[in-house]
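The primary structure of each chain is shown beneath.
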Amino acid sequence: MIAFNNSATLSYMGMGLFDTESVWTHPKRVIDSYELIYVTEGEICIREEKNIYSFRKGEMLLLEPNLEHAGTEISTGHTSFFWLHFCTNDLPFFGIPKLCAPAAPNTERSFKEIMHFSKSNLLLCELTLAKFLLSLNTSTEYRNKIAFEANEYIRILSSRPLTARAVASHFGYSTDYLSRIYKKEFGMDLKAGIIKHRISYIESVLINTNDSIKEIAANCGFEEENLFVKFFKYHEGITPTQYRNKFFYIHMNNK
């Protein structure tokens, strides 16, 4: 543990690098330390109590102690991130944004340095950690509440055939305006966000239920099964049946 003149303390608790190309979602748990998650590949969706965060490569989330957090959506493809646990008695002293795209271009290098020193010199590890945390108060924090509320609205209704116009109308904004602020926060326009959540919902149903393709299509608002298959294949490159079979193949080979 290191201490600062203002009586703030900082202790390194542990870290690691998670990397997978399999279907994955963050487990549900409660921890007694702060946790930083910095994404190096892919995208992660996490709920902390009732708040939901979606962040991707180059972005970082701070999770707080004694609050339940869990994955809200399945990550597919290549997912990789650093996780780092630490304790402090004065989080405001460091000024760490909740969800941010770190301003420093060497964030990944900082994580690697902290990990390196953690194996050989705890004092250097904690000093490097302190330097890194203090540098984060210049990072850009996401502040647009409307964009996050729209994203949560889309996620909750992802089984329905939403349109960008309908979502914008629900919040009382023009489609162009809401799509613009949504893209600023999530890196994609409103229509793409709707499709992303819709595909994620469909994938979850394919993986976690035994419902037939016809049943899933109907439950997701598609008038015909073939339209559902075409929609999924256009965005994912394979049919719903092929996706389901691929998951079970991966699952069997990971046992």
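Here the structure is a predicted model, which is why all the values come from computation and not from measurement.

## Observations regarding the packing of aromatic side chains
According to the stated counting rule, one finds 17 aromatic pairs in the structure shown. With 4.9 Å between their ring centres and 40° between their planes, phenylalanine 18 and tryptophan 24 make a pair best called tilted. Judged by its relative accessible area of 25%, phenylalanine 18 is partly exposed. Note on tryptophan 24: relative accessible area 13%, which makes it buried. Between tyrosine 34 and phenylalanine 86 the ring centres are 5.4 Å apart and the planes differ by 20°, which places this aromatic pair in the stacked class. Highlighted residues: tyrosine 34 in strand β3 (residues 34–41) and phenylalanine 86 in strand β8 (residues 79–88), separated in sequence by 52 residues. We classify tyrosine 34 as buried; its relative accessible area is 13%. By relative accessible area, phenylalanine 86 is classed as buried at 0%. Through a chain of ring-to-ring contacts, three or more aromatic side chains come together here, namely Tyr38, Phe82, Phe111 and Phe132.

## Digging into the UniProt feature "domain: HTH araC/xylS-type" (unreviewed entry) in the chain
Taking the numbering used here, the UniProt-annotated feature "domain: HTH araC/xylS-type" (unreviewed entry) corresponds to residues 148–246. Each end of residues 148–246 is marked by a C-alpha atom, and these two atoms are 32 Å apart; helix forms 75% of the span and strand 0%.

## Some thoughts on the pattern of salt bridges
One pass over the structure, following the stated rule, counts 12 salt bridges. Across the pair arginine 56 and glutamate 59 runs a salt bridge whose closest N-O atoms are separated by 3.9 Å. The buried category is assigned to glutamate 59, whose relative accessible area is 9%. Arginine 109 is the partner of glutamate 113 in a salt bridge, and the nearest nitrogen-oxygen pair spans 3.3 Å. With a gap of 4 residues between them, glutamate 113 and arginine 109 both fall in helix α2 (residues 107–118), about one helical turn apart. Each of Glu43, Arg56, Glu59, Glu73 and Lys196 takes part in a single network of salt bridges with overlapping partners.

## Looking at the confidence of the model for the chain
Per-residue confidence for the chain gives a mean pLDDT of 87; residues scoring 70 or more make up 92%. Per-element confidence in the chain ranges from a low mean pLDDT of 52 for strand β10 (residues 140–141) to a high of 95 for β8. For the stretch residues 249–255, pLDDT sits under 50, and the model shows 2 contacts to residues farther than four places along the chain or on other chains.

## Focus on the sheet that holds strand β5 (residues 51–56)
The strands that make up a sheet are held in pairs by hydrogen bonds between backbone atoms, and each pair lies either parallel or antiparallel. Spatial ordering of the open sheet is given by β5-β4-β7, a layout of 3 strands whose pairing is antiparallel. A strand with exactly one partner marks an edge of an open sheet, and here the two such strands are β5 and β7 (69–71). Taken over all neighbouring pairs, the strand axes of this sheet differ in orientation by 25° on average, direction set aside. Bridging between strand β4 (residues 43–48) and β7 involves 3 bridges; their strand directions are antiparallel.

## Quick notes on the pairing of β3
In terms of burial, β3 is largely enclosed, as 7 of its 8 residues are buried. Sheet analysis places β3 next to β8, joined by 7 bridges and oriented antiparallel. Counterpart to glutamate 41 in the pairing with β8 is serine 80. The pairing of β3 with strand β6 (residues 60–63) spans 4 bridges and is antiparallel. Bridge pairing in β6 places tyrosine 38 opposite methionine 60.

## Observations regarding the nonpolar core
Most often, soluble globular proteins have nonpolar side chains that are buried together. By size, the foremost hydrophobic cluster in this structure holds 27 residues, and its most contacted members are Ile44 and Phe55. Secondary-structure elements contributing two or more residues to this core are β3, β4, β5, β6, α4 (145–156), α5 (164–171), α6 (175–186) and α7 (190–208). Those residues in contact with phenylalanine 55 that sit more than four places away from it in its chain are Ile37, Val39, Glu43, Ile44, Ile46, Met60, Leu61 and Leu99.

About the thresholds
- Position labels on residues start from 1 in each chain and follow its written sequence.
- Where local features are concerned, this predicted model is filtered to residues with pLDDT of at least 70; where side-chain atom pairs are given and counted, the filter is 80 or more; whole-chain, interface and lining totals use all residues.
- Side-chain measures were taken over the full set of non-hydrogen atoms in the model, leaving aside hydrogen atoms and water.
- Within 6.5 Å between ring centres, the rings of Phe, Tyr and Trp (the latter by its six-membered ring) count as paired, and their orientation is classed by plane angle as stacked under 30 degrees, edge-to-face over 60, tilted in between.
- Relative accessibility thresholds used throughout: buried, under 20% of the residue-type maximum; exposed, over 50%; partly exposed, between the two (1.4 Å probe, protein chains only).
- In this text, helices come from DSSP runs of H or I with a minimum length of four residues, and strands from runs of E with a minimum of two, each type numbered from the N-terminal end.
- UniProt positions are given in the numbering used here, feature names are shortened, and annotations may be inferred rather than shown by experiment.
- A pair is scored as a salt bridge if a Lys or Arg side-chain nitrogen falls within 4 Å of a carboxyl oxygen belonging to Asp or Glu.
- One number per residue, pLDDT, summarises how confident the predictor is, and it ranges from 0 to 100.
- Whether two residues are in contact is decided by their heavy atoms, any of which lying within 4.5 Å being enough.
- In this scheme, strands are said to pair when DSSP sees at least two bridges between them.
- Whenever a helix is involved, its axis is fitted only over the stretch in contact; in every case the axis is a line through C-alpha atoms, and angles between N-to-C directions fall within 0 to 180 degrees.
- To form a nonpolar core, buried Ala, Val, Leu, Ile, Met, Phe, Trp, Tyr and Cys residues must be joined to one another through side-chain atoms within 4.5 Å.

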